Amino acid sequence: MPKDAPPNGGAPPDGPMGPVRRVSEMQAKLHRWAAANPGRRFDDLFNFVHEPATLIVAFDRVAGNTGSRTAGVDGLTVDDVEAQIGVPGFLDDLCAQIKQGTFRPLPVRERKIPKPGGSGKLRKLGIPTVADRVVQAALKLVLEPIFEADFEPVSYGFRLMRRAQDAIAEIPLFGTQGYQWVLDADIEACLDACSYCSLPDCHASNSVCGGFGGSMRRPFRRPVRT
């Protein structure tokens, strides 16, 4: 992630002291530190998560998503938050909860949608509340530049400015280099709750969780309400 790269999501640039610029500089710094020292233990990331600039950019990401029109179990959409609460007050309250350690995610709404391909199988879709989505987006803004430093050039899945089509485009090139096999595999239920790291894992010497693994994972692990 170069120093002048925008935060994930392609948000427009803003003034020298605006939130987008502040987050971009924060991401560049974290990426630079992670790349320079692969074994570095980050133990001060929590302050970046509840930084007002981070939460503002995170809210913009959530508001720009098509899912912003869908409510979680609290019945609030992004439009409801803007009209009934106001974004500044909403983010101030969220910042205080995260900083004080009182933030607790609500259960997700579960919906089942058809899997592509006409197999007749259904995929479980969890719909978090707007507040939970903002916290998830804030965590992603902070963690992504650190993990990006560890990825190999051949990694394409769920990465900034990369997609599966880019990996497919590499196939003809490798074919000219003598490779003859293409392996298409899928890890079943790889994102189920049992796949998340345990607390001891998050306290490993080179872990980015830096001593607050439970706080970081909390927005991603919660009950499901059907």
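In this text the structure is predicted, and so the values were computed from the model without any measurement.

1. Quick word on the packing of aromatic side chains
The full count for this structure, using the stated rule, is two aromatic pairs. Measuring from ring centre to ring centre gives 5.4 Å for phenylalanine 174 and tyrosine 179, while their planes differ by 90°; the resulting arrangement is edge-to-face. The residue whose ring lies beneath arginine 40 is phenylalanine 42, and the NZ or CZ to ring-centre distance is 5.2 Å.

2. Points about the environment of isoleucine 171
Among the structural elements, isoleucine 171 can be located in helix 8 (residues 171–175). In this structure, the C-alpha to C-alpha distance between isoleucine 171 and tryptophan 181, residues ten residues apart in sequence, is 9.6 Å.

3. Things to note about the environment of arginine 109
With respect to the helices, strands and loops of the structure, arginine 109 is situated in strand 1 (residues 108–114). Put simply, arginine 109 and threonine 129 are 20 residues apart on the chain and 8.4 Å apart in space, counted from C-alpha to C-alpha. Separated by 2.5 Å, the side chain of arginine 109 and the backbone oxygen of alanine 71 make a polar contact.

4. What about the pattern of salt bridges?
Close approach of charged atoms allows side chains of opposite charge to pair. Evaluated as defined, the whole model comprises five salt bridges. The residue glutamate 51 makes a salt bridge to arginine 22 at a minimum N-O spacing of 3.2 Å. With a gap of 29 residues between them, glutamate 51 in the loop between helix 2 (46–49) and helix 3 (52–63) and arginine 22 in helix 1 (residues 19–36) connect regions that are remote in the sequence. Under the relative-accessibility criterion, arginine 22 is labelled partly exposed at 37%.

5. Quick look at the layout of surface pockets
One water molecule sets the probe size; rolling that probe over the atoms shows where empty space is left. The space that makes up the second largest pocket amounts to roughly 280 Å³. In this structure, the second largest pocket is lined by Val154, Tyr156, Ala167, Glu170, Ile171, Phe174, Gly175, Tyr179, Gln180, Trp181 and Val182. Partitioned by chemical class, the residues of the lining of the second largest pocket number eight nonpolar, two polar and one charged.

6. With respect to helix 5 (residues 87–100)
Its 14 residues give helix 5 an end-to-end C-alpha distance of 20 Å, which sits within 8% of 20 Å, the value for a rise of 1.5 Å per residue. Those residues of helix 5 not exposed but buried are Phe90, Leu91, Leu94, Cys95 and Ile98. Down the axis of helix 5, the smallest arc covering the buried residues is 130°, so these residues share one side. Turned more than 90 degrees away from the buried face of helix 5 sit Pro88, Asp92, Lys99 and Gln100, all of them exposed. On its buried face, helix 5 sits against helix 2, helix 3, helix 4 (78–85) and helix 6 (130–148). Following helix 5 by one or two positions, glycine 101 adopts a phi angle in the positive range, close to 80°.

Scoring rules and cut-offs
Residues numbered from 1 in each chain as written. Predicted model: local features only at pLDDT ≥ 70, side-chain atom pairs only at ≥ 80, totals over all residues. Heavy atoms only, no water. Phe/Tyr/Trp six-rings, centres within 6.5 Å; stacked < 30°, edge-to-face > 60°. Lys NZ or Arg CZ within 6 Å of the ring centre and 35° of its normal. Helix = DSSP H or I, 4+ residues; strand = E, 2+ residues; numbered from the N terminus. Polar contact = N/O pair within 3.5 Å; in protein donor to acceptor, adjacent residues only side chain to side chain. Salt bridge = Lys/Arg side-chain N within 4 Å of Asp/Glu carboxyl O. Buried < 20%, exposed > 50% of the residue type's maximum accessible area, 1.4 Å probe, protein only. 1 Å grid on protein atoms, 1.4 Å probe; cavity = no way out; pocket = protein on both sides within 12 Å on 5 of 7 lines; lining within 4 Å. Points joined across faces, edges and corners; volume = space filled by probe spheres on them. Nonpolar A, V, L, I, M, F, W, Y, C, P; charged D, E, K, R; others polar. Expected span 1.5 Å × (residues − 1). Arc of directions from axis to C-beta. Contact = heavy atoms within 4.5 Å.

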